[in-house]
Amino acid sequence: MKEWLSINELATRTSIADTTIRRYISKFPDFFLSKGGSRSKRYEDSAIKILIRIKDLYDGGFESEAVESTLRTEFSTVVVVGEDGDTVEEKASAPVHTLATADDINEIKEALKRQEEFNKLLIEKLNQQDTYIKESLQKRDQMLMESLRSVQEEKKALLEVVASKETQRTSFFSRLFGKK
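The following paragraphs examine the structure supplied in this document. Bear in mind that the values here come from a model prediction, so they are computed numbers and not experimental data.

Conventions adopted
- Residues numbered from 1 in each chain as written.
- Predicted model: local features only at pLDDT ≥ 70, side-chain atom pairs only at ≥ 80, totals over all residues.
- Heavy atoms only, no water.
- Pairing = 2+ DSSP bridges.
- Helix = DSSP H or I, 4+ residues; strand = E, 2+ residues; numbered from the N terminus.
- 1 Å grid on protein atoms, 1.4 Å probe; cavity = no way out; pocket = protein on both sides within 12 Å on 5 of 7 lines; lining within 4 Å.
- Points joined across faces, edges and corners; volume = space filled by probe spheres on them.
- Nonpolar A, V, L, I, M, F, W, Y, C, P; charged D, E, K, R; others polar.
- Axes fitted to C-alpha atoms, helices over the stretch in contact; angles between N-to-C directions.
- Parallel < 35°, antiparallel > 145°, perpendicular 65-115°, else oblique.
- Left-handed = near helix turned anticlockwise from the far one by under 90°.
- Contact = heavy atoms within 4.5 Å.
- Salt bridge = Lys/Arg side-chain N within 4 Å of Asp/Glu carboxyl O.
- Buried < 20%, exposed > 50% of the residue type's maximum accessible area, 1.4 Å probe, protein only.
- Arc of directions from axis to C-beta.
- Core = buried A, V, L, I, M, F, W, Y, C linked by side-chain atoms within 4.5 Å.
- Patch = residues over 30% accessible without salt bridge, like charges linked within 9 Å, V, L, I, M, F, W, Y side chains within 5 Å.
- Areas by Shrake-Rupley, 256 points an atom, 1.4 Å probe, with all protein chains shown as cover.
- Lys, Arg positive; Asp, Glu negative; His and termini not counted.
- Charge placed at Lys NZ, Arg CZ, Asp CG, Glu CD.

## Section: the sheet that holds strand β2 (residues 34-35)
Reasoning step 1: Taken together, the three strands give an open sheet; going across it, the order is β1-β3-β2, and neighbouring strands pair in antiparallel fashion. The two strands at the open ends of the sheet, each matched to only one other strand, are β1 (4-5) and β2.
Reasoning step 2: When β2 meets strand β3 (residues 42-44), the two strands line up antiparallel, connected through two bridges. Bridge pairing in β3 places Lys35 opposite Arg42.

Written out as structure tokens, the structure reads:
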């Protein structure tokens, strides 16, 4: 959510004198979104980055034209079009090239460490599952083989019983006449 700040609040947050901020805003008005009247005018919180960048450029020895040129390459602009299709207002918006601060980099490093730890745990869990599945399949295969062997043994025993009964059978005539 956008925060709207007064010049005094901008001065406090940027450590730039309020008179200098007023000068920057009047010199580069296209880069500052504002709302409210002249006494209650407030600027979007993106002004903090713009003001700090302007100060850094001036401290680096840049002239006003070079500062404006640099700002135009680093910050995008918002064009407001009226109902008749004419451009009503052109203002700066959030920076296009945002540099990461040390805190941002530390946060990213922390997030990467947490991600690496999570990945290690996930890989460990997947390896455990893989081992469990392989062991389960081996047990299942062993049980299936034992079951097949027992069925084959039973079938073999049954066939032997049937074969022995067939060999013991006597013909009708031998049973009729008592010959064996």
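## Considering the layout of surface pockets
Reasoning step 1: Considering only enclosed or pocket space, the second largest pocket measures out at about 160 Å³ in volume.
Reasoning step 2: In this structure, the second largest pocket is lined by Ser6, Ile7, Asn8, Arg22, Ser38, Arg39, Ser40, Lys41 and Tyr43.
Reasoning step 3: Here the residues of the lining of the second largest pocket are counted per class, giving two nonpolar, four polar and three charged.

## A closer look at the packing of helix α3 (residues 47-59) against helix α4 (residues 64-74)
Reasoning step 1: Put simply, α3 and α4 touch, their axes get as near as 10 Å, and they point 140° apart. The orientation of α3 with respect to α4, classified from their angle, is oblique. With respect to the hand of their crossing, α3 and α4 are arranged in right-handed fashion. Packed against α3, whose contacting residues are Arg53, Ile54, Leu57 and Tyr58, the element α4 presents Ser64, Val67, Thr70, Leu71 and Glu74 at the interface.
Reasoning step 2: Broken down by class, the residue content of the contact of α3 with α4 amounts to five nonpolar, two polar and two charged.

## Some words on the pattern of salt bridges
Reasoning step 1: Applying the stated criterion across every chain yields a total of eight salt bridges.
Reasoning step 2: One salt bridge in this structure joins Asp141 and Arg140, with 2.9 Å as the shortest N-O distance.

## Some thoughts on α4
Reasoning step 1: Restricting attention to buried positions, one finds in α4 the residues Ser64, Val67, Thr70, Leu71 and Glu74. Taken end-on, α4 shows its buried residues confined to a sector of 125°, consistent with a single buried face. Seen from the open side of α4, the exposed residues pointing more than 90 degrees away from its buried face are Glu65 and Thr73.

## Some words on the nonpolar core
Looking at soluble globular proteins, one finds that nonpolar side chains tend to be buried together.
Reasoning step 1: By size, the foremost hydrophobic cluster in this structure holds 21 residues, and its most contacted members are Leu10, Ile21, Phe32, Ile54 and Leu71.
Reasoning step 2: Put simply, the parts of the chain that give this core at least two residues each are α1 (7-14), α2 (18-27), α3 and α4.
Reasoning step 3: Ranked by residues supplied to this core, first place goes to α3 with six residues.
Reasoning step 4: Non-local contacts of Leu10, meaning those with residues more than four positions away in its chain, are made with Leu5, Ile21, Tyr43, Ala47, Ile48 and Leu51.

## Observations regarding a negative patch on the surface
Reasoning step 1: A cluster of acidic side chains, namely Asp103, Asp104, Glu107 and Glu110, defines a negative patch on the protein surface.
Reasoning step 2: Among the secondary structure elements, Glu110 is positioned in helix α5 (residues 102-168).

## Regarding the side chain of Ser6
Reasoning step 1: Here Ser6 lies in the loop between β1 and α1.
Reasoning step 2: Setting aside chain neighbours within four positions, we find Ser6 in contact with Lys41 and Arg42.

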